[in-house]
Amino acid sequence: LGLFGALAPALVYWYGAHAVINGSLQIGTVVAMAAYLTRLFGPMTQLFSTHVTVQSNMALFERIFDYLDLVPEIEEQPDAIDLPRAVGRVEFDHVSFRYNQHRLALNDVSFAVEPEQIAALVGPSGAGKTTTSYLIPRLYDATEGAVKLDGHDVRDLTLKSLAANIGMVTQEPFIFHASLRDNIAYARPGADDADILRVMDAANLSDVLARMPKGLDTIVGERGYRLSGGERQRIAIARVLLKDPPVLVLDEATNSLDSESEYAVQSAVSKLLAGRTTIVIAHRLSTIHSADQILVLENGEIVERGKHLDLLTLGGLYSRLYERQFTSERAPASLAEASNA
């Protein structure tokens, strides 16, 4: 159609020129005919292109409906237990998990965290730390074994009660394009300003609130682009403080922050841990000296467990990781001292 739309006026002018020269046509008739053809081919092209548009949209809708028809992998049991506020005992009972049919991400992992204890998960990248943390709130279900909360298999609990009893703080918290109030109250819709201000103060956000032009009504931007990394982390901590869950999963919030932001976040975290069962994914080993137990994972298995000093004395993987990190942290300071000298 595009080709004919371009060639037709040329043919009209070619034929019309000969006709005008021979005196059988007026030049105005030729020009009018060329103009009519241009107006004719435009709607015809749009009409026939509708078929292409419909086919493209059908392919798009097919994918959308396939997605909407997906059966959720995590489903609530018909007779699920509605657990009230949990005491906070978390147990992994011979848990294995695989994302696909090839390699186990976790292999026969067993441990228990008593109420109000702090358990730290450490290990090299790909050891299974994040996978372990995802199994507790049922972001995934264990392939074998059971993850238990207060003695109940988490698969036997209602999703609502499980979510109410577990809070998570990740390295990259999601901040909505909404007000500061709405971002924090997301954890407990309907919370009043007094509760929001209380948790903001506990999360060391008072200084952030003081410089906000509209206070709690200030829009923080898409993914919180108007806030620093440390401020976004403290908003995530304020959310969990407002939710007040008995079990906390903490993917160390101070990773990749500058020293000032790290101090502010660590101070907020210390208030967050009080009175909760906490599972910490530790990237900086210096932050878990006081953990009640440290679980060292490698290739999806727990290879060492114990307290900080005991694991250092053991001289295994934890000791090597700690020594390597301590050396890398000391190197910049040594270079700065040499430069000053």
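Residues numbered from 1 in each chain as written. Predicted model: local features only at pLDDT ≥ 70, side-chain atom pairs only at ≥ 80, totals over all residues. Heavy atoms only, no water.

A. Fine view of the overall build of the protein. Counting secondary structure elements, the protein contains eleven helices and ten strands. For 341 residues, the compact-globule estimate of 2.2 N^0.38 gives 20 Å, and the protein exceeds it by more than 25% at 32 Å. Dimensions of the protein, computed from the C-alpha atoms along their principal axes, are close to 110 × 60 × 45 Å. Look at the contacts in the protein between residues 6 or more apart in sequence, and 70% of them connect residues 24 or more apart. Carbon and sulfur atoms make up 56% of the accessible area of the protein, which amounts to about 19400 Å² in all. (Helix = DSSP H or I, 4+ residues; strand = E, 2+ residues; numbered from the N terminus. Rg over C-alpha atoms; globule rule 2.2 N^0.38 Å. Contact = heavy atoms within 4.5 Å. Areas by Shrake-Rupley, 256 points an atom, 1.4 Å probe, with all protein chains shown as cover.)

B. Highlighting the packing of aromatic side chains. By the definition in use, this model includes nine aromatic pairs. Here F61 and F65 contribute two aromatic rings whose centre-to-centre distance is 6.2 Å and whose plane-to-plane angle is 25°, an arrangement assigned as stacked. Linking F61 with F65, this pair stays in helix α2 (residues 27-68), spanning four residues, or about one helical turn. Classification of F61 by relative accessible area gives partly exposed; the value is 41%. A connected cluster of aromatic rings, assembled from ring pairs, spans F97, Y99, Y134 and Y140. (Phe/Tyr/Trp six-rings, centres within 6.5 Å; stacked < 30°, edge-to-face > 60°. Buried < 20%, exposed > 50% of the residue type's maximum accessible area, 1.4 Å probe, protein only.)

C. Main features of the pattern of salt bridges. Using the criterion set out here, one finds 13 salt bridges in the structure. A salt bridge links D244 to R276, with the nearest nitrogen and oxygen atoms 2.9 Å apart. On the criterion of sequence distance, the pair formed by D244 in the loop between α8 (229-243) and β7 (247-251) and R276 in the loop between α9 (259-273) and β8 (277-281) is long-range, its members being 32 residues apart. Overall, the relative accessible area of 6% leaves R276 in the buried class. Here the salt bridges do not stand alone but share partners, grouping R85, D244 and R276 into one network. (Salt bridge = Lys/Arg side-chain N within 4 Å of Asp/Glu carboxyl O.)

D. The packing of helix α6 (residues 193-202) against α8, seen in detail. Relative orientation of the contacting elements α6 and α8 amounts to 125°, with a least axis distance of 9 Å. In this view, α6 runs oblique relative to α8, as classed from their interaxial angle. For the pair α6 and α8, the crossing hand works out as right-handed. Counted together, D195, V199 and A202 of α6 and A238, L241 and L242 of α8 form the full contact between these two elements. Its residues assigned to classes, the contact of α6 with α8 shows five nonpolar, no polar and one charged. (Axes fitted to C-alpha atoms, helices over the stretch in contact; angles between N-to-C directions. Parallel < 35°, antiparallel > 145°, perpendicular 65-115°, else oblique. Left-handed = near helix turned anticlockwise from the far one by under 90°. Nonpolar A, V, L, I, M, F, W, Y, C, P; charged D, E, K, R; others polar.)

E. Expanded view of a negative patch on the surface. There is a patch of like negative charges on the surface, built from D108, E144, E298 and E301. Residue position: E301 is located in strand β10 (residues 301-306). (Patch = residues over 30% accessible without salt bridge, like charges linked within 9 Å, V, L, I, M, F, W, Y side chains within 5 Å. Lys, Arg positive; Asp, Glu negative; His and termini not counted. Charge placed at Lys NZ, Arg CZ, Asp CG, Glu CD.)

F. Spotlight on the pairing of β8. In terms of residue burial, β8 counts as a mostly covered element, since five of its five residues are buried. Of the strand pairs in this sheet, strand β3 (residues 118-122) and β8 are connected by four bridges, and their pairing is parallel. Residue pairing for β8: L121 is matched across the bridge by I281. Judged from the five bridges that link them, β7 and β8 form a sheet pairing that is parallel. Note on β8: the bridge partner recorded for L250 is V280. (Pairing = 2+ DSSP bridges.)

G. How the structure looks around a nonpolar patch on the surface. On the surface, Y13, W14, Y15, V20, L25, I27 and V31 cluster together into a nonpolar patch covering about 730 Å² of accessible area. With four residues, the top contributor of residues to the nonpolar patch is helix α1 (residues 2-22). Note that Y13 resides in helix α1.

H. Molecular detail of the nonpolar core. Residues V122, V169, I184, L205, I288, I294 and Y318 are the most contacted members of the largest nonpolar core, which totals 43 residues. Residues L135, V147, V249 and I281 belong to the second largest nonpolar core, which totals 30 residues. (Core = buried A, V, L, I, M, F, W, Y, C linked by side-chain atoms within 4.5 Å.)

I. Layout of the pairing of strand β1 (residues 90-98). When β1 meets strand β2 (residues 104-113), the two strands line up antiparallel, connected through six bridges. What sits directly across from F92, in β2, is F111. Here β1 hands over to β2 after five residues, the two strands then running antiparallel side by side. In this sheet, strand β4 (residues 144-149) lies alongside β1 in antiparallel orientation, the contact comprising five bridges. Counted as the bridge partner of E91 is K148 from β4.

J. Highlighting the side chain of S96. For S96, the location among the structural elements is in strand β1. On the accessibility criterion, S96 (4% relative accessible area) is buried. Side-chain polar atoms of S96 contact the backbone nitrogen of D108, separated by 2.9 Å. Aside from chain neighbours lying at most four places away, what touches S96 is L104, L106, N107, D108, A142, T143 and E144. (Polar contact = N/O pair within 3.5 Å; in protein donor to acceptor, adjacent residues only side chain to side chain.)

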